[in-house]
Amino acid sequence: MAGLTREEAAGRIMVALDYPEAGAAETLLRNLEGIPCYIKVGMQLFYSAGPGFISGLKDRGYRVFLDLKMHDIPNTVKGGASSITRLGVDMFNVHGAGGQGMMEAAMEGVEAATSGGSGLQRPIVIAVTQLTSTSQAVLNDEIGIAGSVEDAVIRYAKLAQAAGLNGVVASPQEVKTIKAECGAEFKTVTPGIRPAGAALNDQTRIMTPGEALAQGTDFMVIGRPITGAADPRAAIESIIEELV
Ligand SMILES: O=C(O)c1cc(=O)[nH]c(=O)n1[C@@H]1O[C@H](COP(=O)(O)O)[C@@H](O)[C@H]1O
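An unreviewed UniProt entry lists the chain under the name Orotidine 5'-phosphate decarboxylase, with Paenibacillus oenotherae as the source organism. Taken verbatim from the UniProt record of the chain, the Subunit (unreviewed entry) comment is "Homodimer." Of the chain, the UniProt comment under Function (unreviewed entry) reads exactly: "Catalyzes the decarboxylation of orotidine 5'-monophosphate (OMP) to uridine 5'-monophosphate (UMP)."

Written out as structure tokens, the structure reads:
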């Protein structure tokens, strides 16, 4: 629908390896072998498999998004960002709720790790806005933030941009407004992707892969619709098919 090549389409998909240990993740990777997708490692797998798993992915040529959603005082986040940068990942995230100062500290951490001829690449740094599991009702009535989800997301996106970050994690439903407010170059990474008919699980702000691409999203984070499928390779192939 959007004229992407198969390779471009695969490159926009970030497969979320939400597994309890490396063995299960390796089984999935073997199943998807040869598909040039991005790999997302989140807290469940990283806390279990650790930095060695990340270097293994990099050695095999994968682009890696390390999703640890750092949210702490600026000094701690700065140190964490340096350590993550030294793992050689292509992308990592912090939580926008830490505010502009915390996000600036993350960028200082990246700078500290990459300066002085370290030879390390600068990862793309993005901020989590409002989780895609958060509904309008939960935001207003439970968390106690007034206004629309979209307003809250845009507020974080602008703070992230002011802090020098490269983009945000948000739902595909907010992509057009983020791009309008922050510019086309500001990256949008969107979970909450559900092929037509797939189970929503705990996601609330969702779109199909084709709809998300039409909104102009840069990357789609997709976990269970692929990892929970009886045939994960067929599942990702069918998503790629929807995007070309
Ligand atoms: O930062 C993320 O990646 C993230 C942010 C967000 O708002 N919502 C969200 O679902 N995610 C992650 O994206 C993935 C979505 O997985 P599925 O719901 O299984 O497709 C999970 O690994 C989540 O941790």
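Still more ground to cover, so stick around.
**Q** Tell me about the UniProt feature "active site" (unreviewed entry) in the chain, and please be specific about residues and values.
**A** Under the feature "active site" (unreviewed entry), the UniProt entry names Lys69. Residue placement: lysine 69 occurs in strand 3 (residues 64-70). In this structure lysine 69 touches Asn93, Val94, His95, Val128 and Leu131, once residues within four positions along its chain are discounted. Of the polar contacts made by the side chain of lysine 69, one reaches the side chain of aspartate 67; its length is 2.8 Å.

**Q** Got a sec to walk through the UniProt feature "domain: Orotidine 5'-phosphate decarboxylase" (unreviewed entry) in the chain? Specific residues and values, please.
**A** This chain's UniProt record puts "domain: Orotidine 5'-phosphate decarboxylase" (unreviewed entry) on residues 12-239. With 46% helix and 16% strand, residues 12-239 has end C-alpha atoms that lie 11 Å from one another.

**Q** Which residues make up the packing of aromatic side chains, and what are the values?
**A** As enumerated under the stated definition, the model contains one aromatic pair in all. Geometrically, the ring pair formed by tyrosine 38 and phenylalanine 219 is edge-to-face, given 5.2 Å between the ring centres and 70° between the ring planes. Separated by 181 residues along the polypeptide, tyrosine 38 in strand 2 (residues 38-42) and phenylalanine 219 in strand 8 (residues 219-222) bring together distant segments of the chain. One exposure class covers both tyrosine 38 and phenylalanine 219, and it is buried.

Calculation criteria
Residues numbered from 1 in each chain as written. Predicted model: local features only at pLDDT ≥ 70, side-chain atom pairs only at ≥ 80, totals over all residues. Heavy atoms only, no water. UniProt positions renumbered as here; feature names shortened; annotations may be inferred. Helix = DSSP H or I, 4+ residues; strand = E, 2+ residues; numbered from the N terminus. Contact = heavy atoms within 4.5 Å. Polar contact = N/O pair within 3.5 Å; in protein donor to acceptor, adjacent residues only side chain to side chain. Phe/Tyr/Trp six-rings, centres within 6.5 Å; stacked < 30°, edge-to-face > 60°. Buried < 20%, exposed > 50% of the residue type's maximum accessible area, 1.4 Å probe, protein only.

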